[in-house]
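Okay, here's what each chain looks like letter by letter:
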Amino acid sequence: MKSGLRVAAGLAAAVLAVCAARAAVGSAVRVRANGADVPLEGGVLALRVVGNALRVHFLPAGRASGPALVMAPHAIPAPSDPVKVRLTSQGVVLRSGALRAVLDLNTKTLEFFDGASRAPLLRETDVASLAQGTATFHFTRAAALYGVHGFDAFQKASSGLLRTGRELATAGEQGDAGAPFVWSSAGFGVLVDSQKTLFNLSDGTLAVLKQTRPDVDVYLIAGTPKRIFAAVADLTGHAPLFPKWSLGFINSQWGIDEAELLRIVRRYRKMRIPLDAFSLDFDWKAWGEDHYGEFRWNTRKFPDGPSGKLDRKLSALGVHLIGIMKPRIHLDTVEGRYATSHRLWIPGEKASLDYFSHKPVKTLDFDNPATRKWFFNPALEHSFETGIVGWWNDEADETGDDTQFFNMERALYEGQRAFTDQRVFSLNRNFWLGAQRYAYGMWSGDIASGFASMAAQRQRMLSAIDVGEMWWGMDGGGFHLHPSSENYARWLEFDAFAPICRVHGSYLQRRQPWIYGVTASRAATHALDVRYRLLPYIYSYAWKDHVSGVGLVRPLLFAWPHDPHLRNDDEAWLFGQWLLVSPVVHRHQRVKHLYLPPGTWTDFFTGEVYRGGATIALPLDEKTWLDIPLFVRQGAIIPMQPLMQYVGQHPVTTLTVQVFPARRVTHFDYYDDDGETYAYEHGRYYLQRLGTQANGRTVRLTVGAVRGTYRPPLRHYLFVVHRVQARAVSVDGRELAPAANRAALGGCSNVCWARGRNAAGALTFIELPADAPHRVRIEETGRRSGGKPG
């Protein structure tokens, strides 16, 4: 009896102790709507759930400094799910959907979980270290780490995509890209609200050694690569849509005048080589002249520029102009004296002689709001109105300031948006995370010609994407030197499957396809033709980037994060969700050994089928250079348009949709809008989900309801279902009789279908109205065979 009383007394004491401990914690911790404030020595640790992330913010003496430029200037995203805060005897537990954070005040340990896993994704074993401006997170050993930085034009990229050791996040120069951001295919990301940030990355440890704010502010993100990058976009800003023309082919040239420009454009049209834009170097502007020569037309080289007559001629040919912009202006000019009197220069910089005009210049300070407000001035407004509708920003990476290029384009973006509803397009020579919200594309700097240089662009592209720059391009053909015909042809095939498709060379170098001979020109034109037929697919992924932070080109590990073959793979990448491309980057290559991820893959051009999870030996054509290693993933839905010479040359009334049904349900969100303005921000867009699934000998197609108020010229979808020979087709529950063949579908006014074949196998064609939802059921007959896009 006495022993029972002692046990009961002990239990009561324990309960009282727990209650007392919980009360002590509760008296110190302040529960907030989306988290909790926890007093620590020297300040307060604020834990908040924001979107799909946990914000870990140490406030010295309870005070916060302003966010760095990397963060979007808007309200912090609301939690994706309701937040529950529970006080325990040890500390605090936060839950929101799949996210969970546990702070133990006894051990000063913070653990971050995703889902029901018992093991934390990240573990900070000493939250008190936040008061010293550092943070150290532990994770599962052998997890691969990515992000932080890219590579400039002259660095060796031997580390590929992986990051380890002491890694400095900086914008860099000459095609570099950076972000205070590390992520892992093991399912986590760490974003630091800071400028230059020094990390130490080792096996199982991610340490933030140096950052630029007195109050450490870190965001812990959980999930797949897509979820991680969606959270980063929510926090640092979503990229607006570029004008649709910028997704076509861009020819850039230094050393040109109006007469040559018109000759070149007309030859493109005569030879039926697609072209949408021409970018002009120093030549377009009155560089070195007084009265805003840096911002206005050079009338000696482009006499019809200021009147808009040149723009009207080019517009009739479907070509837009992009003009180079520099961050410096001449001192002894009206604009130079204005900059001096208004203190617009970079502080402390001495004047120097410009390498092109040989006159004194200084660099504008774009971190200064007054500089940004002035830069889109009346002279530049007039140049924009008369045809310079894209910005090629150059050499703002030479100051060592991570935000100089960022803010230079910000000045143009904000100036143009205040002036017109016409969309902004820009190319810049470095990238710092957050710049994407100002219509910020980048290119990889002043690279050399040659196969080795071309091959090295793969790491540069994928590394830039790994830090959040989804719109990357390069000087196709190389800036320095002159590529061989084979090098040029293969480079254009690479270019056609980069986010931005562009060629450029140094002074007086020409990069038109016909310069490199008949064989190279044919191969380059073939690659551009494929890109232009895929523009509906490409533009839909531009929208995906805008809404979800993941763009057109993705490293393979985005889709297969746990495949060890892909940890550091830059041999191939996904072009959208459904195409895998691996351009030829070696001279005279006869066989390409290529690892295909798990799944079923179909050669885009031949229809040959491959089983993934293995390395294939792909024969190459070293004589015509026409072959592009391009594969379709099973489950694919790929909208394609008729071939055009420029965006919008003809209205697209019928989209051909290539379908490769898989056992799982797959979807494609087809997107369109006017391609020119920001009306999509106000609901003027066209969005429709297409779906498919193969179940036994039955294939289903679905066409969803239209969202948005924009109505394109589109009237019909022509579905081409590969490796499916239909016995019967029913649409919305009504069985239809087949047409005689595909050609007979041309007279279809509503819903029609036909059987067919191509060189690779059986096809089923189904034409449907595009303006309403539909459900299609296909009953197969016979055995499946190969197929290629029809």
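Computed from a predicted structure; not experimentally measured.

Caption draft 1: Quick peek at the pairing of strand β44 (residues 726–731). Of all six residues in β44, five are buried; the element is thus mostly enclosed. The sheet contact formed by β44 and strand β48 (residues 774–780) spans five bridges and is antiparallel. If you follow A728 over to β48, its bridge partner there is E779. Sheet analysis places β44 next to strand β45 (residues 734–736), joined by three bridges and oriented antiparallel. The partner of V731 across the bridge, within β45, is R734. Between β44 and the antiparallel strand that follows it, β45, lie two residues; D732 among them carries a positive phi value of about 55°.

Caption draft 2: Representation of the packing of aromatic side chains. Under the defined criterion, the tally for this structure stands at 50 aromatic pairs. Both rings, one in Y338 and one in W374, keep their centres 5.6 Å apart while their planes meet at 15°; by these two values the pair is stacked. With a gap of 36 residues between them, Y338 in helix α5 (residues 334–341) and W374 in helix α6 (residues 369–375) connect regions that are remote in the sequence. Both rings, one in Y717 and one in F719, keep their centres 5.9 Å apart while their planes meet at 50°; by these two values the pair is tilted. For Y717, a relative accessible area of 0% puts it in the buried group. Each residue in the set W254, F282, W287, Y355, F356 and Y507 is aromatic and connected to the rest through ring pairs, giving one cluster.

Caption draft 3: Fine view of the pattern of salt bridges. Per the counting criterion, the structure on display carries 39 salt bridges. Of the charged contacts in the structure, one is a salt bridge between R490 and D627, with a shortest N-O distance of 3.1 Å. Taken together, the positions of R490 in helix α10 (residues 485–495) and D627 in the loop between β36 (614–619) and β37 (630–633) put the pair 137 residues apart, joining distant regions of the chain. Taken individually, R490 and D627 each receive the classification buried, so the pair is uniform in this respect. What emerges from the salt-bridge pattern is a single network uniting K326, R328, D354, D394, E395, D397, E398, R429 and D446.

Caption draft 4: The arrangement of helix α8 (residues 404–419) in detail. In this model, α8 (16 residues) spans 23 Å end to end at C-alpha, consistent with the 22 Å of a helix rising 1.5 Å per residue. The buried fraction of α8 amounts to twelve of the 16 residues, a majority that puts the element mostly inside the structure. Residues of α8 that are buried: Q404, F405, F406, N407, M408, E409, R410, A411, L412, Y413, G415 and Q416.

Caption draft 5: Looking closely at the sheet that holds strand β41 (residues 686–695). The sheet built from six strands is open, its strands ordered β40-β41-β42-β48-β44-β45 with antiparallel pairing. Pairing within the sheet leaves two strands with one partner each, and these edge strands are β40 (666–672) and β45. Across the sheet, the mean angle separating the axes of adjacent strands is 20° when strand polarity is ignored. Sitting on the sheet, helix α12 (residues 535–548) touches β40 and β41, and the angle it makes with β40 is about 90°.

Caption draft 6: Quick look at the packing of α10 against helix α11 (residues 517–533). Remark: α10 packs on α11, axes separated minimally by 8 Å, with the N-to-C direction vectors making an angle of 0°. As summarised for this structure, α10 and α11 are arranged roughly parallel, according to the angle between their axes. Residues S485, Y488, A489, L492, E493 and D495 of α10 touch α11, and the partners they reach there are A520, A523, A524, A527, L528 and R531. Of the residues assigned to the contact of α10 with α11, the class counts are eight nonpolar, one polar and three charged.

Caption draft 7: Examining the packing of helix α3 (residues 258–271) against helix α4 (residues 309–316) more closely. Closest axis-to-axis distance for the α3/α4 pair is 11 Å, and the angle between their directions is 10°. Comparing their axes, α4 and α3 come out roughly parallel. The residues of α4 that touch α3, namely those facing E258, L261, L262 and V265, are L310, K313 and L314. Grouping the amino acids of the contact of α3 with α4 by side-chain chemistry returns five nonpolar, no polar and two charged.

Caption draft 8: Just the side chain of N52, in detail. Structurally, N52 can be placed in the loop between β3 (43–50) and β4 (53–60). Polar contacts involving the side chain of N52 include one to the side chain of R227, which spans 3.0 Å.

Caption draft 9: Spatial organisation of the nonpolar core. Formed by 240 residues in total, the largest nonpolar core has its most connected members in L206, F375, F497, L534, Y717, F719 and I778. Not counting residues within four places of it along the chain, the set of residues in contact with L534 comprises F497, F575, L579, I638 and M640. Residues L718, C748, L763 and F765 belong to the second largest nonpolar core, which totals eight residues.

Caption draft 10: Representation of the pairing of strand β47 (residues 761–769). Taken across its nine residues, β47 has nine buried, putting it largely inside the fold. Across seven bridges, strand β46 (residues 752–758) lies against β47 in antiparallel orientation. Each bridged residue has a counterpart across the sheet, and for C752 the counterpart in β47 is E767. Taking the residues between adjacent antiparallel strands as the criterion, β46 and β47 are bridged by two residues.

Caption draft 11: The arrangement of unusual backbone geometry in detail. Unusually for a residue other than glycine, Y292 sits at a positive phi of about 65°. With respect to the secondary-structure elements, Y292 resides in the loop between β19 (277–280) and α4. Residues other than glycine seldom take positive phi values, yet W625 does so here, at roughly 60°. Relative to the assigned elements, W625 resides in the loop between β36 and β37.

Caption draft 12: How the structure looks around the side chain of E335. Along the chain, the position of E335 falls in helix α5. Here E335 is buried and forms no salt bridge, its nearest opposite-charge partner R296 lying at an N-O distance of 6.9 Å. A distance of 3.5 Å separates a polar atom in the side chain of E335 from the backbone nitrogen of G293. Beyond its immediate sequence surroundings of up to four residues, E335 is in contact with E289, D290, H291, Y292, G293, E294, I329 and W374.

Caption draft 13: Here's a closer look at the environment of A233. By the element assignment, A233 lies in helix α2 (residues 225–236). A relative accessible area of 7% places A233 in the buried class. Taking the C-alpha atoms as reference points, A233 and D545, 312 residues apart in sequence, are found 9.0 Å from one another. Setting aside its immediate chain neighbours within four residues, A233 contacts H238 and G549.

Caption draft 14: Just α5, in detail. When α5 is considered as a whole, its buried residues turn out to be E335, G336 and A339. Down the axis of α5, the sector holding all buried residues measures 100°, keeping them to one side. Looking at the buried positions of α5, the neighbouring elements they touch are β21 (328–330) and α6. Within two residues after α5, R343 carries a phi angle of roughly 55°, on the positive side.

Caption draft 15: How the structure looks around the sheet that holds strand β24 (residues 388–393). Ordered in space as β28-β27-β25-β24-β20-β19-β18-β29, the eight strands form an open sheet in which the pairing is parallel. A strand with exactly one partner marks an edge of an open sheet, and here the two such strands are β28 (472–473) and β29 (501–503). The strands that α3 touches are β18 (249–253), β19 and β20 (320–325); relative to β18, the one it contacts most, it runs at about 150°. Across the sheet, helix α7 (residues 378–385) is in contact with β20 and β24; its angle to β24 comes to roughly 120°.

What counts, and at which threshold
- Residues numbered from 1 in each chain as written.
- Predicted model: local features only at pLDDT ≥ 70, side-chain atom pairs only at ≥ 80, totals over all residues.
- Heavy atoms only, no water.
- Buried < 20%, exposed > 50% of the residue type's maximum accessible area, 1.4 Å probe, protein only.
- Helix = DSSP H or I, 4+ residues; strand = E, 2+ residues; numbered from the N terminus.
- Pairing = 2+ DSSP bridges.
- Phe/Tyr/Trp six-rings, centres within 6.5 Å; stacked < 30°, edge-to-face > 60°.
- Salt bridge = Lys/Arg side-chain N within 4 Å of Asp/Glu carboxyl O.
- Expected span 1.5 Å × (residues − 1).
- Axes fitted to C-alpha atoms, helices over the stretch in contact; angles between N-to-C directions.
- Contact = heavy atoms within 4.5 Å.
- Parallel < 35°, antiparallel > 145°, perpendicular 65-115°, else oblique.
- Nonpolar A, V, L, I, M, F, W, Y, C, P; charged D, E, K, R; others polar.
- Polar contact = N/O pair within 3.5 Å; in protein donor to acceptor, adjacent residues only side chain to side chain.
- Core = buried A, V, L, I, M, F, W, Y, C linked by side-chain atoms within 4.5 Å.
- Lys, Arg positive; Asp, Glu negative; His and termini not counted.
- Arc of directions from axis to C-beta.

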